[in-house]
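Fold and contact review
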Amino acid sequence: MTQSPITDSHCHLDFPDFEGERDDIIARALAAGVTRMVTICTKLHNEPAVRAIAETYPSVFYAAGVHPMSAAEHPAVTVDELVTLAQHPKFVGIGETGLDYHYTADSKAIQQSSLRIHIAAARATGLPLIIHARDADDDMARILAEEYRNGAYTCVMHCFSSSAALGKAALDLGFYLSMSGIAAFPKSQQLRDIFASVPLDRVLLETDSPYLAPPPHRGRRNEPAYTAHTAAVGAALYGLDYAAFAAATNANFDRLFWKAAA
């Protein structure tokens, strides 16, 4: 596998799936050319543990927020709390936040309120917002646009697998779409078609590990090293060699996640 440096912009290294193996996981990532990883805290009571991982490994950065599926279970986060966390030198993004109506539609109102709080924190810190969107395209497009009119902010649609319409709405606001292992699944031609029309300077790479392992690891635990498989699919989509696609996506990451810029 080629060693051109790439970045896993979204993984969950604090999850129990990786317990006791993090040294090996990070080593395999580096060997695969994945020179930077952003590990994402989804419940704020876990923030100290996620921060500790970022502090332990030079190649790991972190972000924190309240996942929409957890928004109803926890006290609402405040803008001030997020801004305070963002002072840490390795804290590089706000979230993940967003809307998920697939299993948790009953907490729609709470999710929307939480999303707006995270957007305010992204605006206040200048750090990118990290968005999770599932089965909520219309509300997501509406809220992102409404809030942008209240003041600009930057954003990535993490693990993008939504409609072309939501993708366009995000791109129109200057946001980024992140390509995960889903884009490498055999049945994801529709998603690949969407990505093929996305400007090259708006694409990031991620694993969302331990979930969504790309082929040839499909159905097993995902890990940051496997970003390279998704990158190979992305390079083919854009008609680029691996090194050129790797360089483009790394430049995009540096632009958006400026605190983690190489």
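Residues numbered from 1 in each chain as written. Predicted model: local features only at pLDDT ≥ 70, side-chain atom pairs only at ≥ 80, totals over all residues. Heavy atoms only, no water.

1. A few points about the overall build of the chain
Here is the rule we go by: A helix here means a DSSP run of H or I that spans at least four residues, while a strand means a run of E at least two residues long, and both kinds are numbered starting from the N terminus. Only C-alpha atoms enter the radius of gyration; for comparison, a globular chain is expected to reach 2.2 Å times N to the power 0.38, where N is the number of residues. Only protein chains enter the accessibility calculation, which uses a 1.4 Å probe; a residue is then buried when its area is under 20% of its type maximum, exposed when over 50%, and partly exposed in between. Every residue pair with non-hydrogen atoms within 4.5 Å of one another is taken to be in contact. Areas reported as accessible are Shrake-Rupley estimates using a 1.4 Å probe. Residue values count occlusion only from the protein chains shown. When charges are counted, neither His nor the chain ends are considered; positive counts come from Lys and Arg and negative counts from Asp and Glu. All charge positions are set by atom: Lys at NZ, Arg at CZ, Asp at CG, Glu at CD.
What the chain contains, in helices and strands, is nine helices and eight strands. Over its C-alpha atoms the chain spans a radius of gyration of 17 Å, differing by no more than 12% from the 18 Å that the globule rule assigns to 262 residues. Counting only C-alpha atoms and orienting by the principal axes, one finds that the chain spans roughly 45 × 40 × 30 Å. Per-residue burial over the chain gives 58% buried out of 262 residues. Residue pairs in contact within the chain that sit at least 24 positions apart in sequence constitute 73% of those at least 6 positions apart. By element, 56% of the accessible surface of the chain is carried by carbon and sulfur atoms, the whole surface being about 10400 Å². Across the chain, the centroid of the 21 positively charged side chains sits 3 Å from that of the 29 negatively charged ones.

2. Comments concerning the packing of helix 4 (residues 108-125) against helix 5 (residues 137-150)
Worth spelling out the cut-off: Helix axes use the C-alpha atoms of the stretch in contact, all axes being lines fitted to C-alpha atoms, and the angles between their N-to-C directions lie in the range 0 to 180 degrees. Crossing handedness: left-handed means the near helix sits turned counterclockwise from the far one by under a right angle, and right-handed means the same turn made clockwise. When residues are sorted by character, Ala, Val, Leu, Ile, Met, Phe, Trp, Tyr, Cys and Pro go into the nonpolar class, Asp, Glu, Lys and Arg into the charged class, and all the rest, Gly among them, into the polar class.
For the pair helix 4 and helix 5, the least separation of the axes is 11 Å and the interaxial angle reads 35°. Remark: the crossing between helix 4 and helix 5 carries right-handed chirality. Contacts between helix 4 and helix 5 involve Gln 112, Leu 115, Arg 116, Ile 119 and Arg 123 on the former and, on the latter, Asp 139, Met 140, Arg 142, Ile 143, Leu 144, Glu 146, Glu 147 and Asn 150. By residue class, the composition of the contact of helix 4 with helix 5 is five nonpolar, two polar and six charged.

3. Some points on the environment of Val 77
With respect to the helices, strands and loops of the structure, Val 77 is situated in the loop between strand 3 (60-64) and helix 3 (79-85). Using a relative accessible area of 5% as the deciding quantity, one classes Val 77 as buried. Residues Val 77 and Cys 159, 82 residues apart in the sequence, show an inter-C-alpha distance of 23 Å.

4. With respect to the side chain of Thr 207
Assignment of secondary structure puts Thr 207 in the loop between strand 8 (203-205) and helix 8 (227-238). Those residues within four positions of Thr 207 in sequence are excluded, and the remaining contacts are Asp 8, His 10, Cys 11, Leu 212, Asn 222, Glu 223, Pro 224, Tyr 226 and Thr 227.

5. Some words on the nonpolar core
This is how it is decided: Among the buried residues, those of types Ala, Val, Leu, Ile, Met, Phe, Trp, Tyr and Cys that are joined through side-chain atoms within 4.5 Å form a nonpolar core.
Formed by 70 residues in total, the largest nonpolar core has its most connected members in Leu 129, Ile 131, Met 140, Leu 144 and Met 157. A total of five residues in this core trace back to one element, the largest contributor, which is helix 4. Not counting residues up to four positions away in its chain, the partners in contact with Leu 129 are Ile 94, Thr 97, His 118, Ile 119, Ala 122, Leu 144, Tyr 153, Thr 154, Cys 155 and Val 156. Membership of the second largest hydrophobic core comes to 13 residues, among which are Val 38, Ile 40, Ile 130 and Val 156.

6. A look at the sheet that holds strand 2 (residues 34-41)
In plain terms, the rule: Here, any two strands with at least 2 DSSP bridges between them count as paired.
Pairing is parallel across the open sheet formed by eight strands, whose spatial order is 1-2-3-4-5-6-7-8. Where the open sheet ends on each side, the last strands, each with one partner, are strand 1 (6-11) and strand 8. Each neighbouring strand pair of the sheet contributes to a mean axis angle of 30°, computed without reference to strand direction. Sheet topology note: the strand 7 (residues 176-179)/strand 8 ladder contains three bridges and is parallel. Note that in strand 8 the partner of Met 179 across the bridge is Leu 205. Seen against the sheet, helix 1 (residues 22-31) touches strand 2 and strand 3 and runs at an angle of roughly 135° to strand 2. Packing against the sheet, helix 6 (residues 164-172) makes contact with strand 5 (129-134), strand 6 (155-157) and strand 7, and its axis sits at approximately 130° to strand 7.

7. Points about the environment of Asp 208
Counted only if it meets this: Throughout this description, a polar contact denotes any pair of N or O atoms lying within 3.5 Å of each other; where both atoms belong to protein, one of them has to be capable of donating a hydrogen while the other can accept it, and for residues adjacent in sequence the pair is counted only when both atoms sit in side chains.
Among the secondary structure elements, Asp 208 is positioned in the loop between strand 8 and helix 8. On the accessibility criterion, Asp 208 (9% relative accessible area) is buried. Separated by 172 residues in sequence, Asp 208 and Arg 36 place their C-alpha atoms 14 Å apart. When neighbours within four sequence positions are excluded, Asp 208 is seen to be in contact with His 10, Cys 11, His 12, His 158 and Cys 159. Of note is the side chain of Asp 208, whose polar atom sits 3.1 Å from the side chain of His 12.

8. Some details on unusual backbone geometry
Working note: non-glycine residues mostly have negative phi, and peptide bonds are mostly trans. Here the amide bond leading from Ser 209 into Pro 210 is cis, since omega sits at 20°, within 30 degrees of zero. For the bond from Pro 215 to Pro 216, the omega torsion is 10°, close enough to zero to count as cis. In this structure, Pro 216 sits in the loop between strand 8 and helix 8. A positive phi angle, near 60°, is found at Leu 212, a position not held by glycine. Here Leu 212 shows up in the loop between strand 8 and helix 8.

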